[in-house]
Amino acid sequence: MISYDNGYFRLETDHTGYYFRVTKFLHLESIYYGERLIDKDLEPLSVKHTVIIGTQTAYDPSDPMYALDTYPLEWSGIGKGDYRHSPSEIEMPDETYTNDFRYVSHRIVRGNLKPSTLPCSYGSEDECETLEITLTDEPTQVTLLMYYTVYPAQDVITRRVSLCNHNEKTLVIRKLMSMMIDLPNRDYQFITLHGGWIREARRQVSAIDYGLRVNESLTGCSSNRHNPGFLLAASGATETSGMVFGFNLIYSGNHYSAVEKSERDLIRVMSGIHPQCFAWPLHHEEVFETPEVVMTVSCEGFGGTSDHFHNFVREHITRGDWKDQERPVLFNSWEARSFHFNESSLLSLARQAKRLGMELFVLDDGWFGDRDDDTRGLGDYTVNLRKLPGGLPRLAERLKKIGLRFGLWFEPEMVNPNSDLFRAHPEYAVRIPGREPSMGRNQLTLDLTNPDVREYIISHVSDVLDSCDISYVKWDMNRNMSDMYSPTLYRQGTFGHRYILGLYEVLTRIFVPRPKILLETCASGGNRFDLGMLCFSPQIWVSDNTDPAERLDMQGNLSLLYPLSSMGAHVSSAPHQQTLRDTTLVSRFNTASFGSLGYELDLSFVSRAEKQEIKEQVRFYKEHRTTFQYGRFYRHDPHKDNKVHWSVVSQDKEEAIVGFFQTRSFPAEGIDHLPISGLDPEKTYQVRTRPQRVYVRRFGELINFLLPVRIHPRGFVARLIDRWYRMYDAVETYSGSGRLLMSGIPLYNAFSGTYFNDKTRLLLDFGSNLYTVRTMEHPVPTEKE
Ligand code: DGJ
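Attention in this report is confined to the structure presented alongside it. The model shown is predicted, which means the values in this text are computed figures rather than measured ones.

**Notes on the overall build of the protein**
Phase 1: Helix and strand counts for the protein come out as 15 helices and 40 strands.
Phase 2: If one aligns the C-alpha atoms of the protein with their principal axes, the spans along those axes are about 95 × 65 × 40 Å.
Phase 3: In the protein, buried positions account for 62% of the 785 residues.
Phase 4: Considering only contacts within the protein whose residues lie at least 6 apart along the sequence, 70% involve residues at least 24 apart.
Phase 5: A total accessible area of about 29,600 Å² is found for the protein, and carbon and sulfur atoms account for 50% of it.
Phase 6: Across the protein, the 87 positively charged side chains and the 102 negatively charged ones have centroids separated by 7 Å.

Here's what the structure looks like:
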């Protein structure tokens, strides 16, 4: 995995190689990151320095060619001639900002040398190896430790640094990134996920021009604005070809990543904690640890890079009892009842959910204090006995009798001014003395930098969790940070990071002793979807927007960095509460099934026919759940602008599910092909459309051309037909070798305005189909009754 020879470090995974060396002045020079090389001699790949550039600053008078600005580096300081952005800005013990960390020694150890304060990746001594390099700024005796951990099987290398102050005088860290690398310019595109509330994870592709491009969050959490993960893709890269680098930070607070193209045509990449308002004093012999960055590269396009990330997150980030377990199909009360429920309305939903095959009932917001809306109650943990007269234990007991596990919503990081907690402890809320605090969703943030606040949260949440049988927790967080200040801190510039450290401590102390609880984190939807949270919660709520047309974008884009099992995805009612768009029940399911599935709608308003449909959906999902949650996922390059194609293949390649999604329908469109990937080319498979219902009302007045009698298209008879008559969309069945199927089967024609029969695919706007692929030994069962 890791070797050192004659000044050269070689870090190798199964398919990738990362090489750098120690220069004659003891800086670390990046040589190469890409497909693994077999060559012993890497010298040909080093950047040559054979002229003096007019304005360059020579590092040392003995060699005028040695100018740091012209080197691709693994780490760079300030004040010694490298004029690109530095990964650090430190007020050094000598009160200057100049630092020059140079190689002193290194060691290679098996396993991962974990930081003591932060969540990080993990692996056994057989699964990974770590290189620790010690660099020192000699005049000040400040030491930088650089860590590289190599995970060969996942083609991942992680990086982080620690700073240690051996000087008697205190230094102040203003900026300390987790990693930096200079790559040769190959005309890369910078791909980030930007967004906002109910429109998370939109893909943004930017050119990397001269200067700086930044992907950052300043909201106090990793944010829905810019996910901390990003890619650098060779222009023209597709889902299956082209070089794509991936970077992601294991951190849930303000993050900062930058790519800078320099005048020497090098691309500097760095990632870490955001430096804004950051000021961390480091006293004599103190150490500051940065979060880990996960890096990978693939020459097999976006799909290759995503696959590395997916395997890595599943194997070395997600942990605990739920790591490899199938996630339950849950019912969540929020979109059905919001704050307005009582025990009997919940149990009525639960009974219906159980009949439809669901496994877990999640009681969302509104169960405590006086919480009938979002202006009150946060911070309190007394159960609202008006809504739940028997308390949580009786509800849990009754759910158990129905045959459902019980899950509960919490928002422990927050307080409403109208709450018992705030009245008793106003000092627990984040605000600045003498300043009116700004509100978000009528609430203030609790000061998690304060140990008393952490104790309060830990003891109250733990008491609730131990009061009855709770199998699942939804941990919500619904406002961005403002008025950052804590009376307990010596330097306010440590607030943001200390808050996140406090959060990690709280999560560790609540959930590590309760490994059976499945934790799903959430922050107004996907406002904190990051690897830091995935170290605690195996799944995260993607977005409050459950409209499949939007989810196609969000889930598809998040899958660039995160596996399907990590994405909470629910079927809700339509018109959707976030967009008022009307979509079919089947498309809602088809999209949500590529994730950890749940339902979130008032089942009393669901018709009998729709209930039957939901029952079939849940049955289908459970049958293929391991594949959906843990299979190899492919996004296919669309052949048409109005299509999205996904497939997921079981690890043993025995089965696959293909999702064929249409955004806007085009009239009389040309042939559609079914893309399939990842099958065994030599095996024989059968592929079959999952039968899906068509409601006659979809045809509008056209039904009168199909039926022998004339009826009102939205009238009683039409509704009655929809209730009782089961009409199916076209079902196609094919068989052939994996090779044949993967070449793309032309499908039946889509509805084109003139004709409808049992060989017409009815996709329409935001329509979709799922196709099941199984080896001939275990052919696709016939689902249609
Ligand atoms: C925001 C979450 O994203 C929703 O799912 C829901 O739990 C509400 N908060 C409850 O207040």
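**Here we look at the layout of surface pockets**
Empty space among the atoms can be located by rolling a probe the size of a water molecule over them.
Phase 1: Here the largest pocket defines a volume of roughly 940 Å³.
Phase 2: Lining the largest pocket are 39 residues, and of these Asp582, Arg588, Glu610, Tyr695 and Arg697 sit closest to its centre.
Phase 3: When residues of the lining of the largest pocket are traced back to their parent elements, those giving at least two are helix H2 (334-337), helix H10 (585-592), helix H11 (608-623), strand E36 (693-694) and helix H14 (716-724).
Phase 4: Considered class by class, the residues forming the lining of the largest pocket number 16 nonpolar, 9 polar and 14 charged.

**Observations regarding the nonpolar core**
Phase 1: Ranked by size, the top nonpolar core spans 184 residues in total, and within it Trp367 and Tyr599 carry the most contacts.
Phase 2: When residues of this core are assigned to their parent elements, the largest contribution, 10 residues, is made by helix H7 (residues 495-511).
Phase 3: For Tyr599, the contacting residues outside a window of four places in its chain are Val329, Leu330, Phe331, Asn332, Met358, His570, Val571, Phe589, Ile614, Gln617 and Val618.
Phase 4: Membership of the second largest hydrophobic core comes to 16 residues, among which are Val649, Ala656, Leu679 and Val773.

**Notes on the pattern of salt bridges**
Phase 1: Considering all chains together, one arrives at 52 salt bridges under this definition.
Phase 2: The partner of Glu138 in a salt bridge is Arg102, and the shortest N-O contact between them spans 3.3 Å. Remark: Arg102 occurs in strand E6 (residues 102-110) and Glu138 occurs in the loop between strand E7 (129-137) and strand E8 (142-151); sequence separation between them is 36 residues.
Phase 3: Residues Asp553 and Arg202 are paired through a salt bridge, measuring 3.2 Å at the closest nitrogen-oxygen approach.

**Quick notes on a nonpolar patch on the surface**
Phase 1: A surface patch of nonpolar side chains, about 420 Å² in accessible area, is lined by Phe716, Val717, Leu720 and Trp724.
Phase 2: Examined against the element boundaries, Leu720 turns out to sit in helix H14.
Phase 3: Overall, Leu720 belongs to the partly exposed group, its relative accessible area being 36%.

**Focus: the sheet that holds strand E4 (residues 28-35)**
Phase 1: In space, the 4 strands of this open sheet follow the order E1-E2-E3-E4, with antiparallel pairing throughout. Either end of the sheet is taken by a strand with one partner, and the two such strands are strand E1 (2-5) and E4. If you compare each strand with its neighbour and ignore which way they point, the axes differ by 15° on average.
Phase 2: As defined by bridge partners, strand E2 (residues 8-12) adjoins strand E3 (residues 16-22) across 5 bridges and the pair is classed as antiparallel. Within the sheet, the bridge partner assigned to Glu12 lies in E3 and is Gly17.

**Focus: the site of the ligand**
Phase 1: Neighbouring the ligand are 13 residues, the closest being Asp364, Asp365, Lys474, Asp476 and Asp544.
Phase 2: One of the side-chain nitrogen or oxygen atoms of Trp409 is found 3.1 Å away from an oxygen atom of the ligand.
Phase 3: Side-chain polar atom of Asn478 to a nitrogen atom of the ligand: 3.4 Å apart, as the coordinates give it.
Phase 4: Classifying every residue of the shell around the ligand by side-chain character gives 4 nonpolar, 3 polar and 6 charged.

**Describing the side chain of Lys323**
Phase 1: With respect to the element layout, Lys323 can be found in the loop between helix H1 (301-317) and strand E21 (330-332).
Phase 2: Sequence-distant contacts of Lys323, that is, excluding residues within four places in its chain, are made with Tyr122, Arg314, Glu315, Thr318 and Tyr630.

**So, the environment of Ser573**
Phase 1: With respect to the helices and strands, Ser573 occurs in the loop between strand E29 (567-572) and H10.
Phase 2: Sequence separation of Ser573 and Ala750 is 177 residues, and the distance between their C-alpha atoms is 26 Å.
Phase 3: With residues near it in sequence (within four places) discarded, Ser573 still touches Arg588, Glu600 and Leu601.

**Here's the deal with the pairing of strand E32 (residues 643-649)**
Phase 1: In terms of residue burial, E32 counts as a mostly covered element, since 6 of its 7 residues are buried.
Phase 2: Pairing analysis gives 5 bridges linking strand E31 (residues 632-636) to E32, with the strands arranged antiparallel. Residue pairing across strands places His636 opposite His645, the latter belonging to E32.
Phase 3: Where E31 folds back on E32, the antiparallel hairpin that results is connected by 6 residues.
Phase 4: Relative to strand E33 (residues 655-662), E32 runs antiparallel, the two being bridged by 7 bridges.

**Comments concerning unusual backbone geometry**
Phase 1: In this model, Ala574 is joined to Pro575 through a cis peptide bond whose omega is 0°.
Phase 2: The residue Pro575 is located in the loop between E29 and H10 in this model.
Phase 3: A positive phi angle is found at Ser338, which is not glycine, with a value near 40°.
Phase 4: Relative to the helices and strands, Ser338 resides in the loop between H2 and helix H3 (343-355).
Phase 5: For Ser338, a relative accessible area of 21% translates into the label partly exposed.

**Here we look at the packing of aromatic side chains**
Phase 1: If you walk through the whole model with that rule in mind, you get 41 aromatic pairs.
Phase 2: With centroids separated by 6.5 Å and ring planes inclined at 35°, the aromatic side chains of Phe495 and Tyr499 adopt a geometry described as tilted. Of this pair, Phe495 and Tyr499 both sit in helix H7, 4 residues apart, which is roughly one turn of that helix.
Phase 3: Residue classification places Phe495 among the buried positions, given a relative accessible area of 1%.
Phase 4: Site record: aromatic cluster; members linked through ring pairs are Tyr4, Phe9, Tyr18, Phe20, Tyr33, Tyr103, Tyr148, Tyr188 and Phe245.

**Some thoughts on the state of the cysteines**
Phase 1: Within this structure, the stated rule accounts for 0 disulfides.
Phase 2: There is no disulfide at Cys128, and the cysteine sulfur nearest it, in Cys120, is 9.6 Å away.
Phase 3: On the basis of relative accessibility, which here comes to 0%, the residue Cys128 falls in the buried class.
Phase 4: Unpaired in this structure, Cys522 has its nearest cysteine sulfur neighbour in Cys221, at a distance of 11 Å.
Phase 5: The exposure class assigned to Cys522 is buried, which follows from its relative accessible area of 4%.

**Comments concerning the environment of Leu408**
Phase 1: Looking at the secondary structure, you find Leu408 in strand E23 (residues 405-410).
Phase 2: Leu408 sits in the buried class, given a relative accessible area of 0%.
Phase 3: Counting along the chain gives 133 residues from Leu408 to Trp541, while the straight-line C-alpha distance between them is 14 Å.
Phase 4: For Leu408, the contacting residues outside a window of four places in its chain are Val362, Leu363, Trp367, Leu392, Val464, Ile470, Tyr472, Val473 and Lys474.

**What to know about the packing of H10 against H11**
Phase 1: Where H10 meets H11, the closest approach of the two axes is 11 Å, and the angle between their N-to-C directions is 20°. The pairing of H10 with H11 is recorded here as roughly parallel in orientation. The crossing of H10 and H11 is right-handed. The segment H10 lies against H11, with Leu585, Val586 and Phe589 engaging Glu610, Glu613, Ile614, Gln617, Phe620 and Tyr621.
Phase 2: Of the residues belonging to the contact of H10 with H11, the class tally is 6 nonpolar, 1 polar and 2 charged.

**Details of the sheet that holds E33**
Phase 1: The strand order across the open sheet built from 6 strands is E31-E32-E33-E40-E35-E38, with neighbouring strands paired in antiparallel fashion. The open sheet has two free edges, formed respectively by E31 and strand E38 (733-737), since each of these has just one partner strand. Taken pair by pair, the neighbouring strands of this sheet meet at an average axis angle of 20°, ignoring direction.
Phase 2: Taken together, the 5 bridges between strand E35 (residues 684-689) and E38 define a ladder with antiparallel strand orientation. Of the residues in E38, the one forming a bridge with Arg688 is Thr733.
Phase 3: The strands touched by helix H9 (residues 548-558) within the sheet are E31, E32 and E33, with E32 carrying the most contacts at an inclination of about 50°.

Basis of the calculations
Residues numbered from 1 in each chain as written. Predicted model: local features only at pLDDT ≥ 70, side-chain atom pairs only at ≥ 80, totals over all residues. Heavy atoms only, no water. Helix = DSSP H or I, 4+ residues; strand = E, 2+ residues; numbered from the N terminus. Buried < 20%, exposed > 50% of the residue type's maximum accessible area, 1.4 Å probe, protein only. Contact = heavy atoms within 4.5 Å. Areas by Shrake-Rupley, 256 points an atom, 1.4 Å probe, with all protein chains shown as cover. Lys, Arg positive; Asp, Glu negative; His and termini not counted. Charge placed at Lys NZ, Arg CZ, Asp CG, Glu CD. 1 Å grid on protein atoms, 1.4 Å probe; cavity = no way out; pocket = protein on both sides within 12 Å on 5 of 7 lines; lining within 4 Å. Points joined across faces, edges and corners; volume = space filled by probe spheres on them. Nonpolar A, V, L, I, M, F, W, Y, C, P; charged D, E, K, R; others polar. Core = buried A, V, L, I, M, F, W, Y, C linked by side-chain atoms within 4.5 Å. Salt bridge = Lys/Arg side-chain N within 4 Å of Asp/Glu carboxyl O. Patch = residues over 30% accessible without salt bridge, like charges linked within 9 Å, V, L, I, M, F, W, Y side chains within 5 Å. Pairing = 2+ DSSP bridges. Axes fitted to C-alpha atoms, helices over the stretch in contact; angles between N-to-C directions. Near = heavy atom within 4 Å. Polar contact = N/O pair within 3.5 Å; in protein donor to acceptor, adjacent residues only side chain to side chain. Phe/Tyr/Trp six-rings, centres within 6.5 Å; stacked < 30°, edge-to-face > 60°. Disulfide = S-S within 2.5 Å. Parallel < 35°, antiparallel > 145°, perpendicular 65-115°, else oblique. Left-handed = near helix turned anticlockwise from the far one by under 90°.

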